[in-house]
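Per-entry structural report
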Amino acid sequence: MARIEFTPNLRRHIASPPAEVPGATVRQALDAVFAGNPRLRAYLLDEHGRLRKHVTVFINGKAIADRVGLTDALTAEDEVIVFQALSGG
Amino acid sequence: MPSRLLLATRKGLFLCPEGAEGWRLGRPAFLGEPVSAVLADPRDGMLYAALRHGHFGPKLHRSADGGESWTEIATPALPATPDVEKAPAVDMIWTLAAGGAEEPGVIWAGTLPAALFRSADRGVSWSLVQSLWEVPERAEWFGGGYDQPGLHSVLVDPRDPRRLAVAISCGGVWTSGDGGASWQLGGTGLRAEYMPPDRADDRAIQDPHLIAHCAAAPDVIWCQHHNGIFRSIDRGAHFTAVEAPAPSRFGFAVAAHPREKDTAWFVPAVKDECRVPVEGRLVVTRTRDGGRSLEVLSAGLPADSYDLIYRHALAVDGTGRRLVMGSTTGNLWASENGGENWRLLAGHLPPIAAVAFAPG
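Residues numbered from 1 in each chain as written. Chains lettered and ligands numbered in written order. Predicted model: local features only at pLDDT ≥ 70, side-chain atom pairs only at ≥ 80, totals over all residues. Heavy atoms only, no water.

Residues and elements named next belong to chain B. Pairing is antiparallel in the open sheet, where four strands are placed in the order 12-13-14-15. The outermost strands of the open sheet, each flanked by one partner alone, are strand 12 (150-156) and strand 15 (184-185). Where strand 12 lies against strand 13 (residues 164-169), six bridges are found, and the strand directions are antiparallel. If you follow Gly-150 over to strand 13, its bridge partner there is Ser-169. (Pairing = 2+ DSSP bridges. Helix = DSSP H or I, 4+ residues; strand = E, 2+ residues; numbered from the N terminus.)

Here it is, written out as structure tokens:
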């Protein structure tokens, strides 16, 4: 199972502990997380399931390519980190 | 009766109770988060706060205990389209409005991009008002200030909550007589100088910065438009220009007197790109004769100011005597006498998006 962790900046809005989740794609891994934490979905994805503009996902340190379909492949050894992009003020 | 001020700011929501010493600012709820809209529902006392997280999207929270605690509730969402890459998504909740007295729990939300949503259960769930989303004229709408068009004004007729008026920048004034089942494009008489001359009268691309009605005579709607001040006496179908010779006819905010249909307040600014007080003098203008004349009120307001008052950042209470306004530079003023005199309440707040009065 891939390991997924989330930016600490999410914690002041919603609990988002690291998790070990099944899934062959980023979408499947996130859906597995959302199954136990449904409110988290709208913080990371818009209503069409796309990654929010200022959220980024890295697999083993590399930003994913498909921010709309979240089809980037995962293996059980992968480490996924969900970050927020630098923005705001 | 004591009241409270609600301040939606770039860095949180201030709930300011009124005490013997005046308004108390206190610490904001949602510290650090941009608050884009706030509603105190007069029917049941519920408070609603719309957040626009920089990273994590728009969110809506509700409080049943006067702001002591908040619960995140559903956020309006736009429908899927065949091309997911191009599907519009809600970016910001720009305004919230309570439904009529006889329909408790009904809440309206206007969003960016321009859409109207209705909740019948105090925000537990939301429905897009498809009839407005599907008007053919939507293809003509465009952004004013923001990249996308936005719906910022929702007026519910106190006599009949099925009678609605909404305003869109830049998409004109729309009215419904059947609770939003169907819509009519109003706004005859509005004039868009930012368009080619032969389209200046096109009602579908007007930029009404805000509309406000007189609660006691809601057929009277005031409009601070991008190109001037306008008044309607038929609930938005037709408007007549109000001559505003000085200091400017440009501005964002308008507040309508709750009982006197001929009285309204505006905050003029240098138009278009500049958007600062004319010659640095922050003033409020007031008409008490239905727009035939405007008085310039400046007592207590600065003469060396860069303050801009956003469209939702001027409010009048139910008496029509007490006003409050907040600026993009974090200054907050109040008047206790219909705008004749103003007093600075705070000078170091975050940029203020919206102000409202609520029962204490």
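Once that is clear, we can look at the layout of surface pockets. Residues and elements named next belong to chain B. Size it by volume and the second largest pocket reaches roughly 1300 Å³. Within the residue set of the lining of the second largest pocket, elements represented by two or more residues are strand 4 (35-40), strand 8 (92-98), strand 12, strand 16 (208-214), strand 20 (251-256), strand 24 (314-316) and strand 28 (352-359). At six residues, strand 28 tops the list of elements feeding residues into the lining of the second largest pocket. Across the lining of the second largest pocket, the residue classes break down as 31 nonpolar, eight polar and five charged. (1 Å grid on protein atoms, 1.4 Å probe; cavity = no way out; pocket = protein on both sides within 12 Å on 5 of 7 lines; lining within 4 Å. Points joined across faces, edges and corners; volume = space filled by probe spheres on them. Nonpolar A, V, L, I, M, F, W, Y, C, P; charged D, E, K, R; others polar.)

Further remarks concern the pattern of salt bridges. Per the stated rule, a full pass over the model turns up 26 salt bridges over all chains. Between Asp-46 of chain A and Arg-50 of chain A there is a salt bridge whose closest N-O contact spans 2.8 Å. On the accessibility criterion, Asp-46 of chain A (11% relative accessible area) is buried. Looking at Arg-50 of chain A, the relative accessible area reads 11%, which means it is buried. For Arg-235 of chain B, the salt bridge identified is with Asp-157 of chain B, shortest N-O distance 3.7 Å. Of this pair, Arg-235 of chain B sits in the loop between strand 18 (228-232) and strand 19 (240-242) while Asp-157 of chain B sits in the loop between strand 12 and strand 13, placing them 78 residues apart in sequence. What makes Arg-235 of chain B buried here is its relative accessible area of 4%. (Salt bridge = Lys/Arg side-chain N within 4 Å of Asp/Glu carboxyl O. Buried < 20%, exposed > 50% of the residue type's maximum accessible area, 1.4 Å probe, protein only.)

Turning next to the interface of chain A and chain B. On the side of chain B, 23 residues touch chain A, which itself brings 21 residues to the contact. Of the roughly 1700 Å² buried between chain A and chain B, counting both surfaces, carbon and sulfur atoms make up 52%. Among the residues of chain A in contact with chain B, Tyr-43, Glu-47 and His-48 of chain A are the three that bury the most area, contributing 33% of the side total. Taken together, chain A and chain B are joined by two salt bridges. Where chain A packs against chain B, one counts 12 residue pairs in polar contact (both at pLDDT 80 or more). Here the residues of the side of chain A that touches chain B are counted per class, giving six nonpolar, nine polar and six charged. (Contact = heavy atoms within 4.5 Å. Buried area = accessible area lost by both parts, 1.4 Å probe. Polar contact = N/O pair within 3.5 Å; in protein donor to acceptor, adjacent residues only side chain to side chain.)

All names here are of chain B. Residues Leu-112 and Pro-113 are joined by a peptide bond in cis, for which omega reads 0°. Geometrically, the link from Ser-169 to Cys-170 is a cis peptide bond, its omega value of 0° lying close to zero. Secondary-structure assignment places Cys-170 in the loop between strand 13 and strand 14 (172-176). Unlike most non-glycine residues, Arg-122 shows phi in positive territory, near 60°. Relative to the elements of secondary structure, Arg-122 occurs in the loop between strand 10 (115-119) and strand 11 (127-128).

Here the focus is helix 1 (residues 26-36) of chain A. Residues and elements named next belong to chain A. Along helix 1, the residues that are buried comprise Val-26, Ala-29, Leu-30, Val-33 and Phe-34. The arc that holds the buried residues of helix 1, viewed along the axis, is 135°, so those residues lie on one side. Set apart from the buried face of helix 1 by more than 90 degrees, the exposed residues are Ala-35 and Gly-36. For helix 1, the secondary structure elements touched by its buried residues are strand 1 (2-6), strand 2 (19-21), helix 2 (41-44), strand 3 (55-59) and strand 5 (79-84). (Arc of directions from axis to C-beta.)

A word on the pairing of strand 9 (residues 107-112) of chain B. Residue and element names in this part refer to chain B. Where burial is concerned, most of strand 9 is hidden: six out of the six residues are buried. The alternating pattern of strand 9 places Ile-107, Ala-109 and Thr-111 on one face and Trp-108, Gly-110 and Leu-112 on the opposite face, and all of these are buried. Pairing geometry for strand 8 and strand 9, over six bridges, is antiparallel. Across the sheet, the residue bridging to Ile-93 is Thr-111, located in strand 9. Sheet analysis places strand 9 next to strand 10, joined by five bridges and oriented antiparallel. Counted as the bridge partner of Ile-107 is Ser-119 from strand 10. With antiparallel pairing between neighbouring strands as the criterion, strand 9 and strand 10 make up a hairpin whose turn holds two residues.

Fair warning: the whole summary comes from geometry, so function is off the table for now.
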